[in-house]
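Given next are the chains, with one letter for each unit.
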Amino acid sequence: PDADPIATLHAQRHQAAPRPPQELAVVAGEGEARLSWQPPTGLIDGSPLRGELSYVVLRGTGPDGPLAAITGEPVRETRYVDTGLENEALYRYAVRAVRREGAATAYGGPSAPATVTPVDRTAPAPPTNLVAVPSATAVRLAWNPSASPDVTSYVVYRATGEGPFVRIGTTS
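Keep in mind the model is a prediction, meaning the values are calculated, not measured.

**Student:** Residues and numbers for a nonpolar patch on the surface, please.
**Tutor:** Nonpolar side chains collect at one region of the surface, where Leu130, Val139 and Leu141 lie side by side and expose about 290 Å² of accessible area between them. Relative to the elements of secondary structure, valine 139 occurs in strand 10 (residues 139–144). A relative accessible area of 53% means that valine 139 is categorised as exposed.

**Student:** A description of the environment of asparagine 144 should follow, citing residues and the corresponding values.
**Tutor:** Assignment of secondary structure puts asparagine 144 in strand 10. With 127 residues separating them in the primary sequence, asparagine 144 and alanine 17 have C-alpha atoms 62 Å apart. Each residue touching asparagine 144, except ones within four places of it in the same chain, is listed here: Pro127, Thr128 and Asn129.

**Student:** Outline the side chain of serine 54, supporting the account with residue identities and numerical values.
**Tutor:** As for its position among the elements, serine 54 is in strand 3 (residues 52–61). Every residue in contact with serine 54, bar those within four places of it in the chain, is listed here: Pro74, Val75, Arg76, Arg96, Ala97, Val98 and Arg100.

**Student:** Describe the layout of surface pockets, listing the residues and the values that go with them.
**Tutor:** Taken as a whole, the largest pocket holds about 190 Å³ of empty space. Lining the largest pocket, in full, are Pro127, Thr128, Leu130, Leu141, Trp143, Tyr154, Val155, Val156 and Tyr157. Listing elements by their share of the lining of the largest pocket, those giving two or more residues are strand 9 (128–134), strand 10 and strand 11 (154–158). If one sorts the elements of the lining of the largest pocket by residue count, strand 11 sits on top with four residues. For the lining of the largest pocket, the per-class residue count stands at eight nonpolar, one polar and no charged.

**Student:** Residues and numbers for the sheet that holds strand 5 (residues 79–83), please.
**Tutor:** Taken together, three strands build an open sheet; the order of strands is 1-2-5 and the sheet is antiparallel. Each having just a single partner strand, strand 1 (22–29) and strand 5 make up the two edges of the open sheet. Along the sheet, successive strands turn relative to each other by an average axial angle of 15°, direction set aside. Note that strand 1 and strand 2 (residues 32–38) share six bridges and pair antiparallel. Among the inter-strand pairings, valine 27 is bridged to a residue of strand 2, identified as arginine 34.

**Student:** Lay out unusual backbone geometry with the relevant residues and their values.
**Tutor:** Glycine aside, residues mostly have negative phi angles, and peptide bonds mostly take the trans form. Backbone geometry at glutamate 23 places phi at a positive 55°, although glycine is not the residue there. The topology assignment puts glutamate 23 in strand 1. Since its relative accessible area comes to 63%, glutamate 23 is described here as exposed. Unlike most non-glycine residues, asparagine 129 shows phi in positive territory, near 55°. Structurally, the position occupied by asparagine 129 is in strand 9.

**Student:** Tell me about the nonpolar core, and please be specific about residues and values.
**Tutor:** Judged by nonpolar contacts, the single largest core of 18 residues is most densely connected at Leu24, Val26, Leu35, Trp37 and Tyr93. Within the residue set of this core, elements represented by two or more residues are strand 1, strand 2, strand 3, strand 6 (91–101) and strand 8 (114–116). Every residue in contact with leucine 24, bar those within four places of it in the chain, is listed here: Leu35, Ser36, Trp37, Tyr93, Ala94, Val95, Ser111, Ala112 and Ala114.

Criteria and thresholds
Residues numbered from 1 in each chain as written. Predicted model: local features only at pLDDT ≥ 70, side-chain atom pairs only at ≥ 80, totals over all residues. Heavy atoms only, no water. Patch = residues over 30% accessible without salt bridge, like charges linked within 9 Å, V, L, I, M, F, W, Y side chains within 5 Å. Areas by Shrake-Rupley, 256 points an atom, 1.4 Å probe, with all protein chains shown as cover. Salt bridge = Lys/Arg side-chain N within 4 Å of Asp/Glu carboxyl O. Helix = DSSP H or I, 4+ residues; strand = E, 2+ residues; numbered from the N terminus. Buried < 20%, exposed > 50% of the residue type's maximum accessible area, 1.4 Å probe, protein only. Contact = heavy atoms within 4.5 Å. 1 Å grid on protein atoms, 1.4 Å probe; cavity = no way out; pocket = protein on both sides within 12 Å on 5 of 7 lines; lining within 4 Å. Points joined across faces, edges and corners; volume = space filled by probe spheres on them. Nonpolar A, V, L, I, M, F, W, Y, C, P; charged D, E, K, R; others polar. Pairing = 2+ DSSP bridges. Axes fitted to C-alpha atoms, helices over the stretch in contact; angles between N-to-C directions. Core = buried A, V, L, I, M, F, W, Y, C linked by side-chain atoms within 4.5 Å.

Here it is in C-alpha cells:
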C-alpha cells in the first residue's frame, strides 16, 4: 500500500541549519580573489556542530549587487579562489555553510560580506629603441612606446657613472 503523505511529512526529522561562517577575508590578485573563512561555531538552535559541512560561495558585483552562488557544488575547504575577474572592478562576497546529516541538508545564512577589487599586477612591456641625442646643455631622449595598452606615462631616470639612478621627470 502507498504511504500516507501526511504521516511521511510529519515523520521527517527537522535539521537545524549551521550558523554563518565567520571572519570572511578576501585578498585581491590579478584577475582573481582569494577567499578564506572560519567554520560556523554551532547550529542556529544553539547545539554543537554535527554532520558534514561544506560551503557555497556567493558573489555580487558593485557595492550592493545581488549575491548569487558561484560554486556549482558546495566546496569542502574553508578557502576558495575566484578567477577570471575583471581588474579594477568591485566584487562583494559572502559564504553560506551547508550541513548534511543522513539524507537531510540544511543551508545556513550568509556570512558578513567582504569586498575586493582585483588589480593589474603585470608590469607593462618596456619602451623600445631608446635613443639619446646629446647637445651642449641637454640630452634629448626618444623611444618607441610600450606595446602594453594600459601605460599612461613614462618615468625618466638618470645616473652618472656607477652612481644610483635618480628620477628626473615624467612624461605622458
